[in-house]
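Each chain is listed here by its residues.
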Amino acid sequence: MNKKKCALGLAAILAVTTGLTACDWPTESEDGSIFTYTDAQGNRVSYTADDLLNDYLQSGDSLSTEFDKVYEVLIRNYYQDPSQSSVLQELEADASSLVTQDKQTATNNANSNNTSFEEEFERILSNAGVDNVDELYQYHLYELEQERFQEDIYQTFGTGDTSVVGTDAIRDGYYMQNGERHVSFPASEEWGIGDDGWLKEQMPYHVRHILVRLSSATSREYTQDKISESTVLGEGGEATKLANVVLALAGATSNITSQGSSRWTFGTIAQQFSDDSSASSFGEIDIMTKSRGTGSDLVPEFKLGIYAYETLYNERTLSTTYGRENAYRLTPGLREDAVPNEDGTITDDMIDENQVLDDTGETVYNYFDDLGIGQIPFGAAVALLEEAKTITDDQGNAVNESNDTFFPRNVIYNKYFNKHNVCVITPNAIELNTQSNVLTEETKTAAAAASSTISGSHVTNENTEGVYVEQFGQLPGFQVDTRNILPQFEHNILTDSEGQVVLAVRAGTDSYQGIHFITIQRSALSQYGLSQSGDQYVENATQVTDQDVANISQYYTSATPSMSRYPTYGDGEDLTTYVSYNTQQDSEYTSRANEVAGLIQGYNDNLSTFQFQKLVEDGNIQFANDSVKSDMETYVQTSRQSNVDSEFTDWSDNWKEYAEMIEAQEQARAQGAGTGTGSLISEVCAVGYGSHDANDPLWQPGGACYYSTR
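Residues numbered from 1 in each chain as written. Predicted model: local features only at pLDDT ≥ 70, side-chain atom pairs only at ≥ 80, totals over all residues. Heavy atoms only, no water.

### What to know about the nonpolar core
Okay, step 1: Residues I210, L249, F378, F417 and F517 are the most contacted members of the largest nonpolar core, which totals 63 residues.
Okay, step 2: Every element with two or more residues in this core is listed here: β5 (206-213), α10 (238-250), α11 (266-273), α15 (378-387), α16 (408-417), β7 (423-426), β13 (513-522) and α23 (683-688).
Okay, step 3: With nine residues, α10 is the single largest residue contributor to this core.
Okay, step 4: For L249, the residues in contact, after removing those within four places along its chain, are I210, R263, F266, I269, G477, L494, T495, V502 and F517. (Core = buried A, V, L, I, M, F, W, Y, C linked by side-chain atoms within 4.5 Å. Buried < 20%, exposed > 50% of the residue type's maximum accessible area, 1.4 Å probe, protein only. Helix = DSSP H or I, 4+ residues; strand = E, 2+ residues; numbered from the N terminus. Contact = heavy atoms within 4.5 Å.)

### Focus on the packing of aromatic side chains
Okay, step 1: In this structure the tally under the stated criterion is 23 aromatic pairs.
Okay, step 2: Ring geometry for W264 and F273: centres 6.5 Å apart, planes at 45°, overall tilted.
Okay, step 3: Overall, the relative accessible area of 35% leaves W264 in the partly exposed class.
Okay, step 4: Between Y555 and Y556 the ring centres are 5.3 Å apart and the planes differ by 85°, which places this aromatic pair in the edge-to-face class.
Okay, step 5: In this structure Y556 comes out as buried when scored by relative accessible area, which is 0%.
Okay, step 6: Clustering of aromatic rings is evident, with ring pairs tying together F67, Y71, F149, W191, F612, F623 and Y635.
Okay, step 7: Its guanidinium or amino end placed over the ring of W651, K290 lies 4.3 Å from that ring's centre, counting from NZ or CZ.
Okay, step 8: Sitting above the plane of the Y578 ring, R592 keeps its charged end 4.2 Å from the centroid. (Phe/Tyr/Trp six-rings, centres within 6.5 Å; stacked < 30°, edge-to-face > 60°. Lys NZ or Arg CZ within 6 Å of the ring centre and 35° of its normal.)

### Things to note about the sheet that holds strand β1 (residues 35-38)
Okay, step 1: Pairing in this open sheet of three strands is antiparallel, and the strands run β2-β1-β18 from one edge to the other. This sheet does not close on itself; its edge strands, each paired only once, are β2 (44-47) and β18 (621-623). The average angle at which neighbouring strand axes cross in this sheet is 20°, direction not considered.
Okay, step 2: Direction of pairing for β1 relative to β18: antiparallel, over a ladder of three bridges. Each residue of the ladder has a partner; that of Y37, found in β18, is I621.
Okay, step 3: Sitting on the sheet, helix α4 (residues 66-80) is in contact with β1, β2 and β18, with an inclination near 40° to β1. (Pairing = 2+ DSSP bridges. Axes fitted to C-alpha atoms, helices over the stretch in contact; angles between N-to-C directions.)

### Examining the side chain of R329
Okay, step 1: Its place among the elements puts R329 in the loop between α13 (321-326) and α14 (364-371).
Okay, step 2: The buried category is assigned to R329, whose relative accessible area is 12%.
Okay, step 3: A polar contact of 3.0 Å, which involves the side chain of R329, links it to the side chain of D196.
Okay, step 4: Beyond its immediate chain neighbours, meaning those up to four positions away, R329 contacts D196, K200, E201, M203, K290 and W651. (Polar contact = N/O pair within 3.5 Å; in protein donor to acceptor, adjacent residues only side chain to side chain.)

### Quick look at unusual backbone geometry
Peptide bonds are, in most cases, trans, and in most cases residues other than glycine have a negative phi.
Okay, step 1: In this model, N178 sits at a positive phi of 55°, which is unusual for a non-glycine residue.
Okay, step 2: When you line up the elements, N178 lands in the loop between β3 (174-177) and β4 (180-183).
Okay, step 3: Given the relative accessible area of 72%, N178 is considered exposed.
Okay, step 4: Positioned with a positive phi, R220 is a non-glycine residue whose angle comes to about 60°.
Okay, step 5: With respect to the element layout, R220 can be found in the loop between β5 and α10.
Okay, step 6: The class for R220 is partly exposed, based on a relative accessible area of 44%.

### Regarding helix α20 (residues 586-602)
Okay, step 1: The end-to-end C-alpha distance of α20 is 24 Å, a good match for the 24 Å that 17 residues give at a rise of 1.5 Å each.
Okay, step 2: Buried within α20 we find Y589, R592, A593, V596, A597 and I600. In an axial view of α20, the angular spread of the buried residues amounts to 135°, which keeps them on one side of the axis. Exposed residues on α20 whose side chains face more than 90 degrees from its buried face are S587, N594 and G602. (Expected span 1.5 Å × (residues − 1). Arc of directions from axis to C-beta.)

### Observations regarding the sheet that holds β5
Okay, step 1: Strand order in the open sheet made by the five strands is β5-β13-β12-β7-β6, with mixed pairing throughout. In this open sheet, the two edge strands, each paired with only one partner strand, are β5 and β6 (374-377). Taking each pair of neighbouring strands and ignoring which way they run, the sheet shows an average axis angle of 35°.
Okay, step 2: Summarising the sheet, strand β12 (residues 503-508) and β13 pair through six bridges and their orientation is antiparallel.

### Section: the packing of helix α21 (residues 607-617) against helix α22 (residues 626-670)
The description of two helices packed together rests on the angle between their axes and the distance between the axes.
Okay, step 1: It is the contact of α21 with α22, at a shortest axis distance of 10 Å, that shows an interaxial angle of 145°. In this structure, α21 crosses over α22, and the sense of that crossing is left-handed. Across the interface between the two elements, T609, F610, F612 and Q613 from α21 touch M632, V636 and R640 from α22.
Okay, step 2: For the contact of α21 with α22, the per-class residue count stands at four nonpolar, two polar and one charged. (Left-handed = near helix turned anticlockwise from the far one by under 90°. Nonpolar A, V, L, I, M, F, W, Y, C, P; charged D, E, K, R; others polar.)

### What about the environment of T107?
Okay, step 1: Mapped onto the fold, T107 is located in helix α5 (residues 85-113).
Okay, step 2: Separated by 12 residues in the primary sequence, T107 and E119 place their C-alpha atoms 9.9 Å from one another.

### A few points about the packing of α10 against α11
Okay, step 1: Packing of α10 against α11 brings their axes to within 10 Å, and their N-to-C directions diverge by 165°. Relative to α11, α10 is oriented roughly antiparallel. For α10 against α11, the interelement crossing comes out right-handed. Here K241, N244, V245, A248 and L249 of α10 lie close against α11, whose contacting residues are F266, I269 and F273.
Okay, step 2: Residue composition of the contact of α10 with α11, by class: six nonpolar, one polar and one charged. (Parallel < 35°, antiparallel > 145°, perpendicular 65-115°, else oblique.)

Okay, structure coming up:
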């Protein structure tokens, strides 16, 4: 071996990561081989260092590690076997076609950019990490071979046993073969950390939502935000829509009476009101997982708000062993190496002391734990609907000289709805309900108890929770007993027509601002699903086999109802799964099954390292020397740990950023509390703007309702 090969070969590649020098060659056995591979047909092939290096030079430098090189050799050898000749011919034809496409792309780009074909084609070669057309062909061929080889893992997990479904093995983290349970991604001292499978590593959630866009709202304006409303008779606006969504979810008419049997489902309300593309699919969005959503297609208020609710506030999800054991995977502010206690409780040694909020010094975990879940009184929606268009007092005078910050709709919106922490909706009345034209006298009298405390020109105790009233509590949306979910609430919180708790959160990005109303159709912490017990929905402790209740694995099947492996119950009835939820169309079944399969297959960047480990441990790969085997193990260990560390860093950063946002919100809402000089305008101002005494100190300069002090 010469120095040129040494510089381009395996040893040089590994010099940085393993400490090898450029002349530390792998030790060969007496016959010159450094490892042997036995394929599925029992064919045994030996490889020398020259085999690897020569093949490396032929295929360009698109691969950057010794592990990748060895793995490539295994795959290329697999397709050289006579049994794969027809497949290889197909892949070779596809690779040639891709080269032809690259040439056409270079021609098109040259015409568009006023450059030459040679310049554009050289750019394509460079992007692929190759030097010429032959290497480009090999580049495409290997990509196609690798993709096809990977399909075998997805089909039978590389076992060759058609009774083993590879995608299911990746999903569940184990598979059954000949009556024995096999861990799909085992940890080992030699190969490093293992993996628990897609369900536990990614914690998938099936959620639905209704988005009410607030085009007039401003990002990170926590106390004096604004929402719009048309003043033209008969026309609605943001305030009206926001209120109507809440009323519809509760099954209430505009006169706050029950809709009875005509109550709309969550999906129907989403279809009618949601201001995004999910309206056409009855509020459904794609499956939410740990690695999908934060910082991209799902805002932290939505995604992390659900996780905080599920792991800190929702007692039902923690009522089973499965929920307790796995809640730590989603819980904010825990250490990377946190391991749950047997009873699922969090102890101080599990809390990440490095995740500390700058202003308070409190850990992220303790901050969210202390914060608790937010609440929005149903009466706020009633008041918002009645006061949506109010901009003058009873005498026609403009509210605070048309300062729209003081319009009743904005006062109510900021006090009760403008919250970026996840909230539930309670059957409570607020102070402004005392002036309602649609509520009963009993309700208005009870609402008076929600009044804030006034001291001179100050509001010293702003009531933000309201008081329970029977008129709201009797609405359909408050009939499910939710005390097993949030026992801190004496009365039931709002659920949709299917009994799912309705969460609400204010959120936004550069492209939109709005409020999400969310229901969790299937929680990742629910192993066996829910069943109705009296007026409550409870977690099933074991698999329900005679009812349409899928377990978590069944729920995320990648099969369609036409397939024999699609999960069933009873006498062979199809279970309702993510694939079949809310649809009966074959094309939609296929689309949703492919979505599940794609998420399962694509989540683990180290899938090839586990497959390689399996080949070694099963004896398919044998090393003639310890040096190369050690290099393989070092790379695999480092790669797995690096991915986990990187994901955890992103996870921690997202939680801390979200906590800091909520902290800023709470500080803004509390600013001047007890002095009347806070930036959150008091509801007292919305109540009294048309009937206050001109000498009332609240409305004098320096008073809580005097607009010029803002």
